[in-house]
Amino acid sequence: MTETVLRVTGATPYDITVGRDILDGVGDALPESTRKVLLIHPPTLRTEAESLREQLLGERDVLLAEIPDAEAGKRIEVAAFCWQVMGQADFTRTDAVIGFGGGAVTDLAGFVAATWLRGVAAVLVPTTVLGMVDAAVGGKTGVNTAEGKNLVGAFWAPRAVICDLALLDTLSTNERVAGYAEVVKAGFIWAPEILDIIEADPEAATDPTTAAFRRTIELAIDMKARVVSEDFREAGLREILNYGHTLGHAIEHAERYQWRHGAAVSVGMLFAAELSRLAGRLSDEAAQRHRDILASLGLPLTYRAGAWQQLLATMQRDKKARGGMLRFIVLDDIAKPTVLQAPDESLLFAAYQEVAE
């Protein structure tokens, strides 16, 4: 199957390449002047990272930096470890960082690249569904703090993103489906074709070897590429990508990041749909469509009833709040996102009752 190249335009354009068995393109994506590369990866991809390192060796020195998996890797202490490796190896401004792993790894790798000598090249090789359609695309980088998710970070565009779908073949079904929640989000806010494909055959839609899966992944990436091309720093249109994320991030924080991001966003999307419905914006049928699609994929639909006050307090600290006022992305219809600012707490509580267990 041929490669698909999707382009992010704007001040710092770059390509996102989608295909199978395309890791040989990683070296070509690095700047010609690069002589040293820091290849950041999780323990679960040690063998694959060593293989990629061998492929890149020649004119370049490639250092491996193994970091904790998932959200445990998105800490300032882990970034400091990477800076230490780069400092001891005398990395210069013409050298580069490769992020090889899931969304947390590419977030961390992008942050390390953005901050070393105020910015060096980054090539991102996401190895999860979430990484491919969300984290690695758009130039948002960052780390978590005790106070919340992604509160410290930088906007830093990668030089390239390589999405090798063959890397997804060995993922567990749970891992794939959790990441696929971001694909569903793209369907609700932008590309309804994704929803049609899922409804036709949920199993085929989430199988990385099928044409249906590849089509939904490419649609989701194309959506994000178009949005961030227009709004790199989230001053306007890009805010729609937060659909389901305000509550989703609060759930992740409450669970000390033991919940998968996509699982939390699934509950967050259903909450946002119910909030849209109760605010008189979204039809009962469209809200029910959320419930049906998420359920067909086996994604969670509920969270603890007694957690509301804790979640509300976390949302009020969220970086998406402005001037102390909560902002939610809601829907006027499928693929018609808009902002609901400072909704009454009674409305929020009522919407939460629709996802409380």
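What comes next concerns the included structure. (Residues numbered from 1 in each chain as written. Predicted model: local features only at pLDDT ≥ 70, side-chain atom pairs only at ≥ 80, totals over all residues. Heavy atoms only, no water.)

### A word on the overall build of the protein
Consideration 1: Along the protein, the regular secondary structure elements total 14 helices and 11 strands.
Consideration 2: Taking 2.2 N^0.38 as the reference for a compact globule, 357 residues should give roughly 21 Å; the C-alpha atoms of the protein span a radius of gyration of 20 Å, in line with that estimate.
Consideration 3: C-alpha atoms of the protein, sized along the principal axes, occupy 60 × 45 × 35 Å.
Consideration 4: Each of the 357 residues in the protein was classed as buried or not, and the buried ones make up 57%.
Consideration 5: In the protein, 74% of the contacts between residues at least 6 apart in sequence involve partners at least 24 apart.
Consideration 6: A total of about 14,300 Å² of accessible surface is found on the protein, and carbon and sulfur atoms cover 48% of it.
Consideration 7: The averaged location of the 49 negative side-chain charges in the protein is 6 Å from the averaged location of its 35 positive side-chain charges. (Helix = DSSP H or I, 4+ residues; strand = E, 2+ residues; numbered from the N terminus. Rg over C-alpha atoms; globule rule 2.2 N^0.38 Å. Buried < 20%, exposed > 50% of the residue type's maximum accessible area, 1.4 Å probe, protein only. Contact = heavy atoms within 4.5 Å. Areas by Shrake-Rupley, 256 points an atom, 1.4 Å probe, with all protein chains shown as cover. Lys, Arg positive; Asp, Glu negative; His and termini not counted. Charge placed at Lys NZ, Arg CZ, Asp CG, Glu CD.)

### A closer look at empty space enclosed by the protein
Consideration 1: A complete count under the given rule lists 4 cavities of 30 Å³ or more for this structure.
Consideration 2: Estimated volume of the largest cavity: approximately 110 Å³.
Consideration 3: Around the largest cavity sit 12 residues that line it, and G148, K149, H249, T314 and D318 are the ones nearest its centre.
Consideration 4: If you list the elements that add at least two residues to the lining of the largest cavity, you get β8 (148-155) and α10 (245-254).
Consideration 5: Residue contributions to the lining of the largest cavity peak at 4 residues, all from α10. (1 Å grid on protein atoms, 1.4 Å probe; cavity = no way out; pocket = protein on both sides within 12 Å on 5 of 7 lines; lining within 4 Å. Points joined across faces, edges and corners; volume = space filled by probe spheres on them.)

### Here we look at the environment of T128
Consideration 1: Relative to the assigned elements, T128 resides in the loop between β6 (121-126) and α5 (129-135).
Consideration 2: Separated by 141 residues in the primary sequence, T128 and M269 place their C-alpha atoms 21 Å from one another.
Consideration 3: Contact partners of T128, with chain neighbours within four places excluded, come to G102, G103, L168, L171 and E175.

### Details of the packing of aromatic side chains
Consideration 1: Tallying each qualifying case throughout the model produces 8 aromatic pairs.
Consideration 2: Measuring from centroid to centroid gives 5.3 Å for W259 and Y303, while their planes differ by 90°, and the two rings are edge-to-face. A residue pair is termed long-range when its members are at least 10 positions apart, and W259 in the loop between α10 and α11 (261-278) and Y303 in the loop between α12 (284-296) and α13 (308-316) qualify at 44 residues.
Consideration 3: The class for W259 is partly exposed, based on a relative accessible area of 24%.
Consideration 4: Members of the aromatic cluster, connected to one another through ring pairs, are F271, W308, F328, F349 and Y352. (Phe/Tyr/Trp six-rings, centres within 6.5 Å; stacked < 30°, edge-to-face > 60°.)

### Quick look at the sheet that holds strand β1 (residues 4-8)
Consideration 1: Taken together, the 7 strands give an open sheet; going across it, the order is β1-β2-β9-β6-β5-β3-β4, and neighbouring strands pair in mixed fashion. Lying at the two open borders of the sheet, with one neighbouring strand each, are β1 and β4 (61-66). Pairwise comparison of adjacent strand axes, ignoring direction, gives a mean angle of 15° for this sheet.
Consideration 2: For β6 and strand β9 (residues 160-164), the ladder comprises 2 bridges, and the chain directions are parallel. Opposite V123, over in β9, you have A160 as the bridge partner.
Consideration 3: Running over the sheet, helix α2 (residues 46-56) touches β3 (36-41), β4 and β5 (96-101) and is turned about 170° from β4. (Pairing = 2+ DSSP bridges. Axes fitted to C-alpha atoms, helices over the stretch in contact; angles between N-to-C directions.)

### Thoughts on the pairing of β8
Consideration 1: Inspection of the sheet shows strand β7 (residues 140-145) paired to β8 by 5 bridges, in the antiparallel sense. Within β8, the residue paired with T141 across the bridge is A154.
Consideration 2: Remark: 2 residues form the turn of the hairpin made by β7 and β8, two consecutive strands paired antiparallel.

### Observations regarding the pattern of salt bridges
Consideration 1: Tallying each qualifying case throughout the model produces 21 salt bridges.
Consideration 2: R289 is paired through a salt bridge with D196; the nearest N and O atoms lie 3.1 Å apart. Taken together, the residues span a long stretch of sequence, with R289 in helix α12 and D196 in helix α7 (residues 192-200) at a distance of 93 residues.
Consideration 3: Here the residues in one salt-bridge network are E274, R277, D284, R291 and E354, joined through shared partners. (Salt bridge = Lys/Arg side-chain N within 4 Å of Asp/Glu carboxyl O.)

### Observations concerning the nonpolar core
Consideration 1: I16 and F271 are the most contacted members of the largest nonpolar core, which totals 81 residues.
Consideration 2: Every residue in contact with I16, bar those within four places of it in the chain, is listed here: T4, V5, L6, V8, V137, V161, C163, I221 and A225.
Consideration 3: Listed in part, the 22 residues of the second largest apolar core include M86, F91, V120 and A122. (Core = buried A, V, L, I, M, F, W, Y, C linked by side-chain atoms within 4.5 Å.)

### Some remarks on a negative patch on the surface
Consideration 1: There is a patch of like negative charges on the surface, built from E3, D21, D24 and D28.
Consideration 2: One can find D24 in the loop between β2 (14-19) and α1 (26-29).
Consideration 3: Classification of D24 as exposed rests on a relative accessible area of 55%. (Patch = residues over 30% accessible without salt bridge, like charges linked within 9 Å, V, L, I, M, F, W, Y side chains within 5 Å.)

### A look at the environment of D61
Consideration 1: Relative to the elements of secondary structure, D61 occurs in strand β4.
Consideration 2: For the pair D61 and T170, spaced 109 residues apart in the sequence, the C-alpha separation amounts to 29 Å.

### A look at helix α6 (residues 173-189)
Counting along an α-helix, one turn takes 3.6 residues, and residues three or four places apart therefore face a common direction.
Consideration 1: End to end, α6 covers 25 Å across 17 residues, agreeing with the expected 24 Å (1.5 Å per residue, within 8%).
Consideration 2: Taking the largest bend as the criterion, α6 deviates by roughly 30°, centred on A181. (Expected span 1.5 Å × (residues − 1). Bend = angle between axes of the 7 residues up to and from the residue.)

### Notes on the side chain of T106
Consideration 1: If you trace the backbone, T106 turns up in helix α4 (residues 103-115).
Consideration 2: Residue T106 is classed as buried on the basis of its relative accessible area of 2%.
Consideration 3: With residues near it in sequence (within four places) discarded, T106 still touches G99, G101, L124, P126, A135 and A136.

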